[in-house]
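These are the residues of each chain, in order.
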Amino acid sequence: MSVRVRFAPSPTGFLHIGSLRTALYNYLFAKHHGGTCILRIEDTDRTRLVEGAMEEQIKSLEWAGVVFDEGPHVGGSHGPYTQSERFDLYRQYGMQLVKSDAAYYAFDTSEELDAMRQRQQAAGIAPKYDRSAMRNQFTIGEHEAQRLLDENAQHVIRLKVPIHSDVRFHDAVRGDVVFSGREIDDQILLKSDGFPTYHLANVVDDHLMEITHVIRAEEWLPSTPKHVLLYEAFGWTPPTFAHVPLLLNPDRSKMSKRHGDVMVQDFAKKGFFPEALANFVALCGWNPGTDTEFFSMTELIEAFSLERVNKAGAVFDYQKLHWMNGEYLKTRAPEVLAEELLPTLVTRGFEYVQPAFVASVIALVRERVHFLQDVTDFADYLFGDVLSPLSEEAAATITGNEALITAVQTFRSGLNDETIENLDAFKELSKNSAESAGMKVGAFMKPLRLVLTHREVGADLFGTIKLLGVQRCGFRLDAFFSS
RNA sequence: GCACCGUUCGUCUAGGGGUUAGGACACCGCUCUUUCACAGCGGUAACACGGGUUCAAUUCCCGUACGGUGUACCA
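Within each chain, residue numbers correspond to sequence positions counted from 1 in written order. To label them, take the chains in the order written and letter them from A, then take the ligands in the order written and number them from 1. Given that the model is predicted, a residue must reach a pLDDT of at least 70 before its local features are reported, and side-chain atom pairs must reach 80 or more before they are shown or counted; all residues, however, enter totals for whole chains, interfaces and linings. Here the side-chain values reflect all heavy atoms present in the structure, with hydrogen atoms and water set aside.

A.B. asks: Account for the layout of surface pockets, naming residues and giving values.
C.D. replies: Each cavity reported here is a set of points on a 1 Å grid over the protein atoms alone in which a 1.4 Å probe fits but cannot get out, each pocket an open set with protein on both sides within 12 Å along at least five of seven lines, and each lining residue one with an atom within 4 Å of a point. Grid points are joined across faces, edges and corners, and a volume is the space filled by probe spheres set on the points. Taken as a whole, the largest pocket holds about 960 Å³ of empty space. Numbered from the N terminus, helices here are DSSP runs of H or I no shorter than four residues, and strands are runs of E no shorter than two. When contributions to the lining of the largest pocket are tallied by element, the ones reaching two or more residues are β1 (4-7), α1 (17-32), α7 (198-208) and β8 (213-217). The element best represented in the lining of the largest pocket is α1, accounting for five residues. Broken down by class, the residue content of the lining of the largest pocket amounts to 16 nonpolar, 13 polar and ten charged. Think of it as three bins: nonpolar holds Ala, Val, Leu, Ile, Met, Phe, Trp, Tyr, Cys and Pro, charged holds Asp, Glu, Lys and Arg, and polar takes everything else, Gly as well.

What follows is the structure, encoded as structure tokens:
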């Protein structure tokens, strides 16, 4: 049987980084097995819908390299893939469960349920639907229930949990898991607005869509027994479950904003490479069992397996992600990066933005930054001729320094195509310039950088001067003399 | 509270009855160097605790502690 997995987000906002990882694991697992990866939209909570959220999430997913074989945006043979479009289906299956005595009608109001929970809390017992004390078809009788139904009274359908038996299932990540029926709540399956809850819709759709493996976050583990019960009630074979560990904040709580960016689009905006993010996130909770840390999507697909997914949650290490992004930056072709950076440079109004030149600048400075966009600020003195003002301390070290003026003069007059292209000639010129003023070469290079770039740190000076060219260097040196 | 899940350097992790407990990020030092970086080399740093089982336990079992998740007509 061929593998079919699904990623099933709710369109309630942007795509969370943890969701991306779940989606990625689904995708990797499917592709590793030559299977099918499906996107299903779980929009059964009408109160939390956010306009356009689904499109945003798909965009983020695709940006990161997760693509689907079936879904609302691409179609497929098991649609529709949006639960609100499958509305009628769920009631039908809910009724089937009632008929087979696996579910029942309940007529409690939310106030009555609140009161029940308060009583239970006061009595120190676990909050759980009290089937024998609340208003449902068992307590009010079949006839009364039918009467209420006939007059369209508000009602829900609840799962009739067999309290005397254990529910057990095998999780591909966690092994055998057992829950006592006593602990499982009579979950609402069909809400009074006619929409299903996650539990019903999820099971019905997973079955109808022939899902073979349910790979989802660990937070779903406690509700899995309800799903197993549902499969049993329908007489369906449950899929293999795999609950993957959570992504954590530094304080080890479930990853959330407050501690940093958590939405995929935030990472994109910050300038992370999608490949770097996917690579990094894949390694949060999974590892190949080797020391290899860099993986293309193809390599991830090749290496991925559920067996090597960890059980414990993983603190999301932004610092390591930055490092990894920098590593990706170093391996990309400068020409490609130049294309990517160009729009930014243009909107910033820089003059020297010929692609080949930009590529050379990137090649020169990229080892010093983690993000492509950082190149803009780091090398602004190469892209344009307007230099940021010198700091007071910096200015103090060069203005009125007679020896430096002499050295710079010598350097200026020796600057030509030869000394700018040839490293040895450049070194020779630097040495002569320094010595002409009785300075050491090292003592000269620092202020020279300051004069040329107005920065104390920057890329290799020879490389910088080479890219600047004789003329632009000349102008800047002249400006120094005239100030 | 109850249920379930988890626990190897600060972080991500490898390993697994007998290892100098390995790698990566971060940190520190050295080398290179005109700066910052890169690179190279080196260093600090971990098996939560207590009982068992065993010749031997970080590894298996049981407890405890700690943490997380769940406990909705949310997903």
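A.B. asks: Which residues make up the packing of aromatic side chains, and what values go with them?
C.D. replies: Each pair of aromatic rings taken from Phe, Tyr and Trp, with Trp reduced to its six-membered ring, is defined by centres within 6.5 Å and is described as stacked if the planes are under 30 degrees apart, edge-to-face if over 60, and tilted in the remaining cases. Across all of its chains, the model carries 26 aromatic pairs by this definition. An aromatic cluster of three or more residues is present, and its members are Phe-267, Phe-272, Phe-280, Phe-316, Tyr-318 and Phe-371. Whether a charge sits over a ring comes down to the Lys NZ or Arg CZ being within 6 Å of the ring centre and within 35 degrees of the ring normal. Here the basic side chain of Arg-332 rests over the ring of Phe-273, its NZ or CZ set 5.3 Å away from the ring centre. Its guanidinium or amino end placed over the ring of Tyr-352, Arg-472 lies 3.3 Å from that ring's centre, counting from NZ or CZ.

A.B. asks: Which residues make up the protein's contact with RNA strand B, and what are the values?
C.D. replies: For each residue, the test is whether any non-hydrogen atom lies within 4 Å of the molecule or strand; if one does, the residue is near. Taken together, 58 residues are adjacent to RNA strand B, and Arg-174, Lys-191, Asn-287, Glu-367 and Arg-368 come closest. Per the 4 Å cut-off to the protein, sugar and phosphate atoms form 74% of the nearby atoms of RNA strand B. With respect to RNA strand B, the side chain of Thr-44 contributes an N or O atom lying 2.7 Å from a phosphate oxygen. Polar contacts here mean pairs of N or O atoms no more than 3.5 Å apart (in protein, one a potential hydrogen donor and the other a potential acceptor; neighbouring residues in sequence count only if both atoms are side-chain atoms). Tyr-198 is positioned such that a nitrogen or oxygen atom in its backbone is 3.1 Å from a phosphate oxygen of RNA strand B. Of all the elements in the fold, those that place two or more residues in the surface near RNA strand B are α4 (110-122), β4 (156-159), β6 (175-180), β11 (314-315), α12 (318-331) and α21 (441-453). A per-element tally of the surface near RNA strand B places α12 first, with four residues. Tallied by class, the residues present in the surface near RNA strand B amount to 23 nonpolar, ten polar and 25 charged.

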